[in-house]
Amino acid sequence: MSDSSLRLVWVYPDLLSTYGDQGNVLVTERRARQRRVPVTRIDVRSDQPIPTSGDIYLIGGGEDRPQRLAAERLRRDGGLNRAVDNGAIVFSVCAGYQIIGHEFVNDLGRPEPGLGLLDVVSVRGEGERCVGDVLADIDPALGLPPLTGFENHQGVTHVGKNARPLARTRFGNGNGTGDGTEGAYNETVFGTYMHGPVMARNPQIADLLIKLAMDVRALPPVDDEWYEALRAERIAAASQPA
(Lines give C-alpha, C1' and ligand atoms only; values in the text may rest on other atoms or scores of the structure.)
Protein backbone atom coordinates (compact mmCIF):
# COMPACT_ATOMS: atom_id res chain seq x y z
CA MET A 1 0.00 0.00 0.00
CA SER A 2 0.94 3.64 -0.27
CA ASP A 3 2.56 4.69 3.02
CA SER A 4 0.38 3.38 5.87
CA SER A 5 -3.10 3.86 4.34
CA LEU A 6 -5.05 2.31 1.50
CA ARG A 7 -5.45 4.96 -1.18
CA LEU A 8 -8.73 4.71 -3.12
CA VAL A 9 -9.05 6.85 -6.24
CA TRP A 10 -12.53 7.50 -7.67
CA VAL A 11 -11.90 8.52 -11.29
CA TYR A 12 -13.93 11.30 -12.94
CA PRO A 13 -17.16 11.20 -10.91
CA ASP A 14 -18.32 14.25 -12.90
CA LEU A 15 -18.32 12.18 -16.12
CA LEU A 16 -18.52 8.54 -15.10
CA SER A 17 -20.97 8.10 -12.25
CA THR A 18 -24.32 7.94 -14.04
CA TYR A 19 -25.69 4.66 -12.70
CA GLY A 20 -24.83 4.83 -9.02
CA ASP A 21 -21.41 3.25 -9.44
CA GLN A 22 -20.07 5.55 -6.73
CA GLY A 23 -21.42 2.83 -4.47
CA ASN A 24 -18.37 0.77 -5.43
CA VAL A 25 -15.94 3.21 -3.83
CA LEU A 26 -18.22 3.58 -0.80
CA VAL A 27 -18.38 -0.19 -0.28
CA THR A 28 -14.63 -0.64 -0.79
CA GLU A 29 -13.89 2.12 1.70
CA ARG A 30 -16.35 0.65 4.20
CA ARG A 31 -14.99 -2.91 3.84
CA ALA A 32 -11.45 -1.68 4.49
CA ARG A 33 -12.43 0.41 7.51
CA GLN A 34 -14.33 -2.54 8.98
CA ARG A 35 -10.94 -4.32 9.08
CA ARG A 36 -9.36 -1.25 10.72
CA VAL A 37 -7.38 -0.53 7.56
CA PRO A 38 -6.68 3.22 7.30
CA VAL A 39 -8.17 4.61 4.09
CA THR A 40 -7.49 7.76 2.10
CA ARG A 41 -10.15 8.43 -0.54
CA ILE A 42 -9.38 10.73 -3.45
CA ASP A 43 -12.16 11.86 -5.82
CA VAL A 44 -10.55 13.11 -9.05
CA ARG A 45 -12.65 15.25 -11.36
CA SER A 46 -11.97 15.36 -15.08
CA ASP A 47 -10.18 18.74 -14.85
CA GLN A 48 -7.70 17.36 -12.31
CA PRO A 49 -4.61 15.19 -12.83
CA ILE A 50 -4.84 11.51 -11.99
CA PRO A 51 -2.52 10.75 -9.04
CA THR A 52 -0.13 7.91 -9.71
CA SER A 53 0.32 6.82 -6.09
CA GLY A 54 -3.12 5.24 -5.58
CA ASP A 55 -3.62 1.62 -4.64
CA ILE A 56 -7.11 1.00 -6.06
CA TYR A 57 -8.69 3.01 -8.90
CA LEU A 58 -12.44 2.78 -9.46
CA ILE A 59 -14.18 3.89 -12.65
CA GLY A 60 -17.93 3.96 -13.23
CA GLY A 61 -20.34 4.03 -16.14
CA GLY A 62 -21.56 6.99 -18.14
CA GLU A 63 -23.34 8.19 -21.26
CA ASP A 64 -21.68 8.12 -24.67
CA ARG A 65 -20.39 11.71 -24.88
CA PRO A 66 -18.98 11.82 -21.33
CA GLN A 67 -17.34 8.46 -22.08
CA ARG A 68 -15.52 9.97 -25.07
CA LEU A 69 -14.47 13.02 -23.06
CA ALA A 70 -13.20 10.80 -20.24
CA ALA A 71 -11.18 8.65 -22.64
CA GLU A 72 -9.63 11.70 -24.28
CA ARG A 73 -8.63 13.22 -20.94
CA LEU A 74 -7.33 9.97 -19.48
CA ARG A 75 -5.18 9.38 -22.56
CA ARG A 76 -3.84 12.92 -22.43
CA ASP A 77 -3.18 12.73 -18.67
CA GLY A 78 -1.46 9.33 -18.68
CA GLY A 79 -1.63 9.03 -14.89
CA LEU A 80 -3.81 5.93 -14.78
CA ASN A 81 -1.48 4.04 -17.10
CA ARG A 82 1.51 5.04 -14.99
CA ALA A 83 -0.30 3.93 -11.84
CA VAL A 84 -0.96 0.49 -13.36
CA ASP A 85 2.71 0.30 -14.34
CA ASN A 86 3.44 0.92 -10.64
CA GLY A 87 1.24 -2.04 -9.65
CA ALA A 88 -2.07 -0.32 -8.89
CA ILE A 89 -5.41 -2.17 -9.07
CA VAL A 90 -8.18 -0.93 -11.41
CA PHE A 91 -11.86 -1.86 -11.32
CA SER A 92 -14.10 -0.41 -14.02
CA VAL A 93 -17.76 -0.65 -14.96
CA CYS A 94 -19.57 -0.40 -18.32
CA ALA A 95 -18.30 2.77 -20.05
CA GLY A 96 -15.22 2.58 -17.85
CA TYR A 97 -14.74 -1.05 -18.86
CA GLN A 98 -14.69 -0.06 -22.52
CA ILE A 99 -12.32 2.86 -21.86
CA ILE A 100 -9.62 0.68 -20.28
CA GLY A 101 -9.62 -1.60 -23.34
CA HIS A 102 -7.92 -0.98 -26.66
CA GLU A 103 -10.84 0.60 -28.50
CA PHE A 104 -14.58 1.34 -28.40
CA VAL A 105 -17.14 3.15 -30.57
CA ASN A 106 -17.79 6.71 -29.41
CA ASP A 107 -20.92 8.87 -29.55
CA LEU A 108 -19.97 10.04 -33.05
CA GLY A 109 -20.00 6.45 -34.32
CA ARG A 110 -16.23 6.40 -34.73
CA PRO A 111 -13.57 4.14 -33.22
CA GLU A 112 -12.14 5.74 -30.08
CA PRO A 113 -8.76 4.64 -28.68
CA GLY A 114 -8.87 3.30 -25.14
CA LEU A 115 -6.09 3.11 -22.59
CA GLY A 116 -4.93 -0.40 -23.48
CA LEU A 117 -4.86 -1.54 -19.85
CA LEU A 118 -6.99 -4.60 -20.59
CA ASP A 119 -6.91 -6.77 -23.72
CA VAL A 120 -10.48 -6.13 -24.87
CA VAL A 121 -12.04 -4.38 -27.88
CA SER A 122 -15.61 -3.07 -27.82
CA VAL A 123 -17.96 -2.41 -30.71
CA ARG A 124 -21.58 -1.34 -30.80
CA GLY A 125 -24.19 -4.09 -30.95
CA GLU A 126 -26.78 -4.02 -33.71
CA GLY A 127 -29.68 -5.52 -31.76
CA GLU A 128 -31.63 -4.36 -28.74
CA ARG A 129 -29.88 -2.96 -25.68
CA CYS A 130 -28.82 -5.44 -23.03
CA VAL A 131 -30.98 -4.45 -20.07
CA GLY A 132 -31.82 -6.45 -16.97
CA ASP A 133 -30.49 -8.49 -14.09
CA VAL A 134 -27.41 -10.65 -14.56
CA LEU A 135 -26.31 -13.75 -12.69
CA ALA A 136 -22.88 -15.12 -13.50
CA ASP A 137 -20.35 -17.63 -12.21
CA ILE A 138 -17.01 -15.92 -11.68
CA ASP A 139 -13.76 -17.41 -12.93
CA PRO A 140 -12.94 -20.20 -10.44
CA ALA A 141 -9.37 -18.91 -10.21
CA LEU A 142 -10.70 -15.90 -8.26
CA GLY A 143 -12.48 -18.04 -5.66
CA LEU A 144 -15.62 -15.89 -5.36
CA PRO A 145 -19.32 -16.82 -5.22
CA PRO A 146 -21.67 -16.13 -8.16
CA LEU A 147 -22.01 -12.50 -9.19
CA THR A 148 -25.25 -10.56 -9.40
CA GLY A 149 -25.65 -7.22 -11.11
CA PHE A 150 -27.69 -5.11 -13.52
CA GLU A 151 -26.69 -4.40 -17.11
CA ASN A 152 -27.76 -1.53 -19.36
CA HIS A 153 -25.60 -1.25 -22.48
CA GLN A 154 -25.39 -1.86 -26.20
CA GLY A 155 -21.75 -2.82 -26.29
CA VAL A 156 -20.19 -6.00 -27.60
CA THR A 157 -16.81 -6.59 -25.97
CA HIS A 158 -14.36 -9.16 -27.29
CA VAL A 159 -11.79 -10.55 -24.85
CA GLY A 160 -8.28 -10.98 -26.24
CA LYS A 161 -5.70 -13.64 -25.45
CA ASN A 162 -4.00 -11.53 -22.75
CA ALA A 163 -7.13 -11.28 -20.62
CA ARG A 164 -9.62 -13.74 -19.17
CA PRO A 165 -13.40 -13.51 -18.91
CA LEU A 166 -14.35 -12.36 -15.43
CA ALA A 167 -17.41 -14.62 -15.34
CA ARG A 168 -19.82 -16.83 -17.32
CA THR A 169 -23.45 -15.81 -17.35
CA ARG A 170 -26.35 -17.95 -16.22
CA PHE A 171 -28.77 -15.12 -16.97
CA GLY A 172 -28.12 -11.92 -18.88
CA ASN A 173 -26.00 -10.92 -21.87
CA GLY A 174 -22.69 -9.94 -20.29
CA ASN A 175 -20.15 -9.02 -22.98
CA GLY A 176 -22.81 -9.33 -25.66
CA THR A 177 -20.75 -11.72 -27.79
CA GLY A 178 -23.14 -14.65 -27.45
CA ASP A 179 -20.50 -16.87 -25.80
CA GLY A 180 -21.72 -16.33 -22.23
CA THR A 181 -18.73 -14.30 -21.08
CA GLU A 182 -19.08 -11.32 -18.73
CA GLY A 183 -16.35 -8.81 -18.09
CA ALA A 184 -12.63 -9.44 -18.28
CA TYR A 185 -9.53 -9.20 -16.12
CA ASN A 186 -5.80 -9.65 -15.91
CA GLU A 187 -3.52 -9.62 -12.88
CA THR A 188 -4.45 -6.13 -11.69
CA VAL A 189 -7.13 -4.71 -14.02
CA PHE A 190 -10.80 -5.71 -13.91
CA GLY A 191 -13.78 -4.71 -16.05
CA THR A 192 -17.48 -5.58 -16.02
CA TYR A 193 -20.79 -4.42 -17.45
CA MET A 194 -22.50 -4.99 -14.09
CA HIS A 195 -24.02 -2.08 -12.22
CA GLY A 196 -26.07 -2.55 -9.07
CA PRO A 197 -23.78 -1.13 -7.65
CA VAL A 198 -21.93 -4.37 -8.28
CA MET A 199 -19.97 -4.21 -5.01
CA ALA A 200 -23.09 -3.61 -2.93
CA ARG A 201 -24.41 -6.86 -4.34
CA ASN A 202 -21.00 -8.58 -4.31
CA PRO A 203 -18.82 -7.18 -1.50
CA GLN A 204 -16.39 -10.05 -2.05
CA ILE A 205 -15.13 -8.14 -5.09
CA ALA A 206 -14.17 -5.21 -2.87
CA ASP A 207 -12.44 -7.65 -0.53
CA LEU A 208 -10.53 -9.13 -3.47
CA LEU A 209 -9.26 -5.71 -4.53
CA ILE A 210 -8.23 -4.88 -0.97
CA LYS A 211 -6.32 -8.17 -0.65
CA LEU A 212 -4.52 -7.55 -3.93
CA ALA A 213 -3.61 -4.01 -2.90
CA MET A 214 -2.40 -5.11 0.53
CA ASP A 215 -0.73 -8.25 -0.84
CA VAL A 216 -2.40 -10.52 1.70
CA ARG A 217 -4.14 -13.86 1.23
CA ALA A 218 -7.07 -13.27 3.60
CA LEU A 219 -8.92 -10.56 5.51
CA PRO A 220 -10.61 -10.76 8.92
CA PRO A 221 -14.31 -11.66 8.65
CA VAL A 222 -16.96 -8.93 8.92
CA ASP A 223 -20.73 -8.85 9.24
CA ASP A 224 -22.19 -9.62 5.80
CA GLU A 225 -25.83 -10.02 6.83
CA TRP A 226 -27.10 -6.98 4.93
CA TYR A 227 -25.12 -7.80 1.80
CA GLU A 228 -26.21 -11.42 1.81
CA ALA A 229 -29.87 -10.42 2.14
CA LEU A 230 -29.52 -8.15 -0.89
CA ARG A 231 -27.65 -10.82 -2.84
CA ALA A 232 -30.28 -13.44 -2.10
CA GLU A 233 -33.06 -11.09 -3.20
CA ARG A 234 -31.39 -10.15 -6.47
CA ILE A 235 -30.31 -13.71 -7.31
CA ALA A 236 -33.86 -14.89 -6.76
CA ALA A 237 -35.16 -12.09 -8.99
CA ALA A 238 -32.68 -12.92 -11.75
CA SER A 239 -33.63 -16.59 -11.59
CA GLN A 240 -37.34 -15.96 -12.17
CA PRO A 241 -38.66 -16.70 -15.68
CA ALA A 242 -39.26 -13.58 -17.76
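In every chain, residue numbers begin from 1 and rise along the written sequence. This being a predicted model, a pLDDT of at least 70 is required before a residue's local features are given, and a value of 80 or more before pairs of side-chain atoms are given or counted; all residues contribute to the totals for chains, interfaces and linings. Where side-chain values are given, they derive from all heavy atoms of the structure, hydrogens and water being excluded.

- Per an unreviewed UniProt entry, the recorded name for the protein chain is Lipid II isoglutaminyl synthase (glutamine-hydrolyzing) subunit GatD, and the organism is Actinacidiphila glaucinigra.
- UniProt positions are given in the numbering used here, feature names are shortened, and annotations may be inferred rather than shown by experiment. The record held by UniProt for the protein chain lists under Sequence similarities (unreviewed entry) the comment "Belongs to the CobB/CobQ family. GatD subfamily."
- Recorded in UniProt for the protein chain, the comment headed Pathway (unreviewed entry) runs: "Cell wall biogenesis; peptidoglycan biosynthesis."

Topic: the packing of aromatic side chains
Phase 1 of the analysis: Stacked, edge-to-face and tilted labels apply to pairs of Phe, Tyr and Trp rings (six-membered ring for Trp) whose centres lie within 6.5 Å, assigned for plane angles under 30 degrees, over 60, and everything in between, in that order. Across all of its chains, the model carries three aromatic pairs by this definition.
Phase 2 of the analysis: When the ring of Tyr97 is compared with that of Tyr193, the centres are 5.1 Å apart and the planes differ by 75°; the resulting orientation is edge-to-face. Taken as a pair, Tyr97 in helix 4 (residues 95-99) and Tyr193 in the loop between strand 14 (189-192) and helix 5 (198-201) lie far apart in primary sequence, 96 residues in all.
Phase 3 of the analysis: On the accessibility criterion, Tyr97 (0% relative accessible area) is buried.
Phase 4 of the analysis: Consider the rings of Trp226 and Tyr227, whose centres lie 5.3 Å apart with planes at 85°: the pair is edge-to-face. Only runs of H or I of at least four residues qualify as helices and only runs of E of at least two qualify as strands under DSSP, and these elements are numbered from the N terminus. Buried means the residue's accessible area, taken with a 1.4 Å probe over protein chains only, is under 20% of the maximum for its type, while exposed means over 50%, and partly exposed covers the values in between.

Some points on the packing of helix 1 (residues 22-34) against helix 6 (residues 203-214)
Phase 1 of the analysis: Fitted lines through C-alpha atoms give the axes, limited to the stretch in contact for helices. The angle between two N-to-C directions lies from 0 to 180 degrees. For the pair helix 1 and helix 6, the least separation of the axes is 9 Å and the interaxial angle reads 65°. As far as their axial angle goes, helix 6 and helix 1 are roughly perpendicular. The crossing of helix 1 and helix 6 is right-handed. Residues Val27, Thr28, Arg31 and Ala32 of helix 1 form the contact with helix 6, whose participating residues are Pro203, Ala206, Asp207 and Ile210.
Phase 2 of the analysis: Amino acid classes used here: Ala, Val, Leu, Ile, Met, Phe, Trp, Tyr, Cys and Pro are nonpolar; Asp, Glu, Lys and Arg are charged; the rest, including Gly, are polar. When grouped by side-chain class, the residues that make up the contact of helix 1 with helix 6 number five nonpolar, one polar and two charged. Oblique is the label for any angle not covered by the other classes, which are roughly parallel (under 35 degrees), roughly antiparallel (over 145) and roughly perpendicular (65 to 115). Crossing handedness is read from the near helix: turned anticlockwise from the far helix by less than a right angle, it gives a left-handed crossing, and turned clockwise, a right-handed one. Any two residues having at least one pair of non-hydrogen atoms within 4.5 Å are treated as being in contact.

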